[in-house]
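# Structural overview
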Amino acid sequence: MTDEPRLSAQQLIERLQPALSPWARVRAVTALVVGLAGAAFVAALWWTEPGPLPGRTQWAFALFTVFCLAWACYGTWLLSRRVPLFAAEHVVAAWLGLAAAIGTTALVVTVAVQRGAHPVGVPAIGVLVVALPAVLLVRARARRAALLRRKRELAGGDQR
Amino acid sequence: MTDELLVVRAQLGERAALAELVHRWRLPVWTYVRRMLDAGRADDVTQDVWLAVVRGLPRLRETDRFKQWLFTIARRSVTDCLRAEYARAAVVSHGEPDAEDPGDAVVERTELVAALSGLPVLEREVLVLFYLEDLSVQDCAQICQVPTGTVKSRLNRARRMLREHLEEKGYRS
């Protein structure tokens, strides 16, 4: 019988490489982090404008915010559907997200204070913005630790 | 090394473990897909199955149920392929009633495989999973998303149809 797979295991693995490429992961995480940070920054600038803005400026701010959110959505879609993020990479991505959130919040709070915005409102939102990646980081680390524990248990069982 | 250990290592990001999983399960997956589809599409669908496995592996929580999860994905890919084929066939038969090419059906197979391919999809599926992939009735039920009673009745029907088919060909039990 000549009924055999056309692709060898090695060829099959090679064809899976684009999905496993590190650059695909970097692109996806960058799109998500930069998109969210950009949206937060533009929205904060818009919100802290001291006086009423002309219609075109309002539209421009809205357009920038939507543009950044679209990149964030694209990054989310890539990470959830196209690019697998394994446990170690989840931790790295969460650290990147946390760093970006802290940086964006610091920038936004500085700009808001300079413009005389509400002294509590912007920092409060900043705390919320930082809290989300912080929670994701804790979860990613916990998941990785659980997998490492399971690996040790199974490896111990294998050796017996 | 167990499948579960390989899955956990792959989830941690070890590429070698992922490659070992592909090596270990490539043929069983291909065999299942091949029994459900013709040779031309079996390789493409198998590749789709592995792509879906790689993409979904980080989210697999029950690491000890990799085999069932793998065949659930394979079944979904096969179902999508068959659905697309039926849709195409419906369009073709609507426009060109005599377009069927008997040459397309000429494929080298064993008698058993030929008999299997003659069974309806649902019966063929449980037969392949239960006998060729050696899965339990419970696992078949989970993969096919039907109660275990339905799997048993499909197995009975499939066995009867297969026996009738083989008897027609001159085989005697």
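Residues numbered from 1 in each chain as written. Chains lettered and ligands numbered in written order. Predicted model: local features only at pLDDT ≥ 70, side-chain atom pairs only at ≥ 80, totals over all residues. Heavy atoms only, no water.

### Quick look at helix α3 (residues 55-82) of chain A
Counted only if it meets this: A run of H or I in DSSP counts as a helix once it spans at least four residues, and a run of E counts as a strand once it spans at least two, with each numbered from the N terminus. One less than the number of residues in a helix, times 1.5 Å, gives the span that helix is expected to have. Throughout, exposure labels follow a simple rule: accessible area from a 1.4 Å probe, protein chains only, divided by the maximum for the residue type, with under 20% read as buried, over 50% as exposed, and the rest as partly exposed.
Over its 28 residues, α3 of chain A extends 39 Å from the first C-alpha to the last, a length consistent with the 40 Å expected when each residue adds 1.5 Å. Among the residues of α3 of chain A, those classed as buried are F61, T65, C68, A72, G75, L78 and L79 of chain A.

### Concerning the interface of chain B and chain A
Rules: By definition, residues are in contact when any of their heavy atoms lie within 4.5 Å. Throughout, the accessible surface (probe 1.4 Å) given up by two parts as they are put together, summed over both, is called the buried area. Here, a salt bridge means any side-chain nitrogen of Lys or Arg that lies within 4 Å of a carboxyl oxygen of Asp or Glu. Within 3.5 Å is the distance limit for a polar contact, defined as a pair of N or O atoms, with the added protein rule that one can donate a hydrogen and the other accept it, and that residues adjacent in sequence qualify only through two side-chain atoms. Any residue that is not Ala, Val, Leu, Ile, Met, Phe, Trp, Tyr, Cys, Pro, Asp, Glu, Lys or Arg is counted as polar, Gly included; the first ten are nonpolar and the last four charged.
The partner chain A presents 35 residues to the 35 residues of chain B that form the contact. Roughly 3300 Å² is buried in total at the junction of chain B and chain A, and carbon and sulfur atoms are behind 60% of that figure. Linking chain B to chain A there are five salt bridges. Scanning the region where chain B abuts chain A turns up 10 residue pairs in polar contact (both at pLDDT 80 or more). Those elements giving two or more residues to the side of chain B that touches chain A turn out to be α1 (3-12), α2 (15-36) and α3 (39-56) of chain B. No other element matches the 10 residues that α2 of chain B contributes to the side of chain B that touches chain A. Counted by class, the side of chain B that touches chain A contains 16 nonpolar, six polar and 13 charged residues.

### Considering the domain arrangement of chain A
All names here are of chain A. Under the convention used in this document: For the domains described, the bounds stem from an automatic or database domain assignment.
When its domains are assigned, chain A resolves into domain 1 (1-84) and domain 2 (96-159). Measuring from the centre of the C-alpha atoms in domain 1 to the corresponding centre in domain 2 gives 19 Å. With 11 residues of domain 1 at the contact, the number on the domain 2 side is 12 residues. Taking both partners together, domain 1 and domain 2 bury about 920 Å²; carbon and sulfur atoms supply 82% of that area. Looking only at domain 1, the three residues that lose the most surface to domain 2 are F41, W47 and T48, adding up to 46% of its buried area. For the interface between domain 1 and domain 2, the tally reads zero residue pairs in polar contact (both at pLDDT 80 or more).

### Considering the UniProt feature "transmembrane region" (unreviewed entry) in chain A
Residue and element names in this part refer to chain A. The condition that has to hold: UniProt positions are given in the numbering used here, feature names are shortened, and annotations may be inferred rather than shown by experiment.
The residues that UniProt annotates with the feature "transmembrane region" (unreviewed entry) are residues 28-47, 59-79, 91-114 and 120-142. Secondary structure content for residues 59-79 is 100% helix and 0% strand, and the end C-alpha separation is 30 Å. Counted over residues 91-114, helix gives 100% and strand 0%. Its end C-alpha atoms are 35 Å apart.

### What to know about the packing of aromatic side chains
Here a ring pair, both rings aromatic, is described through the centre-centre distance and the interplanar angle of the planes. Residues and elements named next belong to chain B. This is how the line gets drawn: A pair of Phe, Tyr and Trp rings is counted when the ring centres sit within 6.5 Å of each other, with Trp represented by its six-membered ring. The angle between the planes then sorts it: under 30 degrees is stacked, over 60 is edge-to-face, the rest tilted.
Inspection of every chain in the model, using the stated rule, returns nine aromatic pairs over all chains. The interplanar angle of 65° and the centroid separation of 6.4 Å between the aromatic rings of W25 and F66 together place this pair among those described as edge-to-face. In this pair, W25 is assigned in helix α2 and F66 in helix α4 (residues 66-95), connecting sequence segments 41 residues apart. As far as burial versus exposure is concerned, W25 and F66 are alike and both buried. Centre to centre, the rings of F66 and W69 are 6.0 Å apart; their planes meet at 45°, and the pair counts as tilted. In this pair, F66 and W69 both sit in helix α4, three residues apart, roughly one turn of the helix. Overall, the relative accessible area of 1% leaves F66 in the buried class.

### So, the nonpolar core
Applied cut-off: Definition used in this section: a nonpolar core is a set of buried Ala, Val, Leu, Ile, Met, Phe, Trp, Tyr and Cys residues joined via side-chain atoms within 4.5 Å.
One finds Y32, W50, L57 and F66 of chain B to be the most contacted residues of the largest nonpolar core, which totals 56 residues. Here this core gets 10 residues from one element, more than from any other, and that element is α2 of chain B. In this view, L57 of chain B contacts F86 of chain A together with V7, A10, Q11, L18, L21, F66 and W69 of chain B; residues no more than four positions away in its chain are not counted. One finds V29, L79, L85 and A93 of chain A within the second-largest nonpolar core, a separate group that totals 10 residues.

### Let's talk about the pattern of salt bridges
Residues and elements named next belong to chain B. All told, the structure shown has 16 salt bridges over all chains when counted by the stated rule. The residue E20 makes a salt bridge to R24 at a minimum N-O spacing of 3.9 Å. Residue E20 and its partner R24 are located together in helix α2, separated by four residues, close to a single helical turn. E123 is the salt-bridge partner of R157, the closest N and O atoms lying 2.8 Å from each other. Of this pair, R157 sits in helix α8 (residues 148-168) while E123 sits in helix α6 (residues 121-132), and the two are 34 residues apart along the sequence.

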